[in-house]
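Residues per chain, in single letters:
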Amino acid sequence: MSTISIAIDGPSGAGKSTMAKRLAKELGFLYVDTGAIYRTVSLYACRKGLAPTDGAGIAALLPEIHIDLVYGEDGTQQMILNGENVSGEIRTPQISMYTSAVSAIPAVRAFLLELQRDMAKRKNLVMDGRDIGTVVLPDANIKLFLTAAPEARAKRRWLELREKGDPITYDQVLADVVQRDENDTHRAIAPLKQAEDAVLVDTTEYDLEESYQLLLRTIRERM
Ligand code: DC
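Asker: Mind laying out the overall build of the chain, listing which residues take part and the relevant values?
Answerer: Helix and strand content of the chain: nine helices and eight strands. A compact globule built from 223 residues should have a C-alpha radius of gyration of about 17 Å, and the chain, at 17 Å, falls within 12% of that. Taken along its principal axes, the extent of the C-alpha atoms in the chain is 50 × 45 × 35 Å. Counting only residues that meet the buried cut, the chain has 48% of its 223 residues in that class. Of the contacts made within the chain by residues no fewer than 6 positions apart, 73% connect residues no fewer than 24 positions apart. Counting only carbon and sulfur atoms, one obtains 53% of the accessible surface of the chain, whose full area is about 10,900 Å². The distance from the centre of the 27 positive side-chain charges to the centre of the 32 negative ones in the chain is 2 Å.

So, in structure tokens, the structure goes:
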């Protein structure tokens, strides 16, 4: 029996992970946050003191990296790097920016491609990222491209960080969002791009609940 995959792509801060997690729970599917996998590889390279643009150096580290995805009872994805749970540490603004550069390295993308495809072969899932509908799962049953204006995304991310006690300013978060958009859409390999057969959902004017209902309706119409 073949599995069902729902691909959700879009820029940082569009609400992909919040939406994908909730949709997966509603549908009884596994939620896979692929950004977290890129972040985990990046954390390893960062700890080794390499520049995020050092493609050869980071490629040489890949055989030392073993990644496991473990799911809590509530469906939360935990990232295990060589046996260590790094789920919290991969979420800092520094690692966000570092990962944006690391994820442009072709060897890193190749390293993670099979891991992601293999998961989709085994389970029904909602997978979010940047290239899921275009490269990782071109045959996904449903593809969504979730976006919002940079200012709206920065504001949501800033409020989230502030809640965690991070003193970062809104202007800095907006600058980071714009920089990451630039990196993610202009890299040579697997850039952030809406797949031709993806449904575009722009949540600039919607709150969380409205965005969720819109996505759920879109999926139900197609399933
Ligand atoms: O979704 P996120 O912010 O956790 O992603 C972190 C970085 O990883 C982001 O800059 C883009 C990159 N990424 C990617 O290139 N491809 C994916 N499928 C997921 C994330």
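Asker: Break down the pairing of strand E1 (residues 5-9) for me, citing the residues and quoting the values.
Answerer: Counting buried residues in E1 gives five out of five residues, a clear majority hidden from the surface. Judged by which residues are buried, E1 turns out to be covered on both faces: Ser-5, Ala-7 and Asp-9 on one side and Ile-6 and Ile-8 on the other are all buried. Taken together, the four bridges between E1 and strand E7 (residues 142-147) define a ladder with parallel strand orientation. For Ile-6, the partnering residue across the bridge sits in E7 and is Ile-142.

Asker: Can you explain the packing of helix H7 (residues 150-163) against helix H8 (residues 170-186)? Please cite residues and give values.
Answerer: The relative placement of two packed helices comes down to the angle between their axes together with the axis-to-axis distance. Across the interface, H7 lies against H8 with an axial gap of 9 Å and an inter-helix angle of 125°. Here H8 runs oblique to H7, going by the angle between their axes. Both H7 and H8 take part in a crossing whose hand is right-handed. Every residue of H8 that contacts H7 at Pro-150, Glu-151, Arg-153, Ala-154, Lys-155, Arg-157, Trp-158 and Leu-161 is listed here: Tyr-170, Val-173, Leu-174, Val-177, Arg-180 and Asp-181. For the contact of H7 with H8, the residue count by class is eight nonpolar, no polar and six charged.

Asker: Which residues make up the sheet that holds strand E6 (residues 125-129), and what values go with them?
Answerer: Strand order in the open sheet formed by five strands is E2-E6-E1-E7-E8, and the pairing between neighbours is parallel. Every other strand in the sheet has two partners, leaving strand E2 (30-33) and strand E8 (199-202) as the edge strands with one partner each. Sheet twist, expressed as the average angle between the axes of neighbouring strands with direction ignored, equals 20°. The sheet strands contacting helix H1 (residues 16-27) are E1, E2, E6 and E7, and the helix crosses E6 at an angle near 175°. Contacting E1, E7 and E8, helix H9 (residues 208-222) runs over the sheet at an angle of about 160° to E7.

Cut-offs applied
- Residues numbered from 1 in each chain as written.
- Predicted model: local features only at pLDDT ≥ 70, side-chain atom pairs only at ≥ 80, totals over all residues.
- Heavy atoms only, no water.
- Helix = DSSP H or I, 4+ residues; strand = E, 2+ residues; numbered from the N terminus.
- Rg over C-alpha atoms; globule rule 2.2 N^0.38 Å.
- Buried < 20%, exposed > 50% of the residue type's maximum accessible area, 1.4 Å probe, protein only.
- Contact = heavy atoms within 4.5 Å.
- Areas by Shrake-Rupley, 256 points an atom, 1.4 Å probe, with all protein chains shown as cover.
- Lys, Arg positive; Asp, Glu negative; His and termini not counted.
- Charge placed at Lys NZ, Arg CZ, Asp CG, Glu CD.
- Pairing = 2+ DSSP bridges.
- Axes fitted to C-alpha atoms, helices over the stretch in contact; angles between N-to-C directions.
- Parallel < 35°, antiparallel > 145°, perpendicular 65-115°, else oblique.
- Left-handed = near helix turned anticlockwise from the far one by under 90°.
- Nonpolar A, V, L, I, M, F, W, Y, C, P; charged D, E, K, R; others polar.

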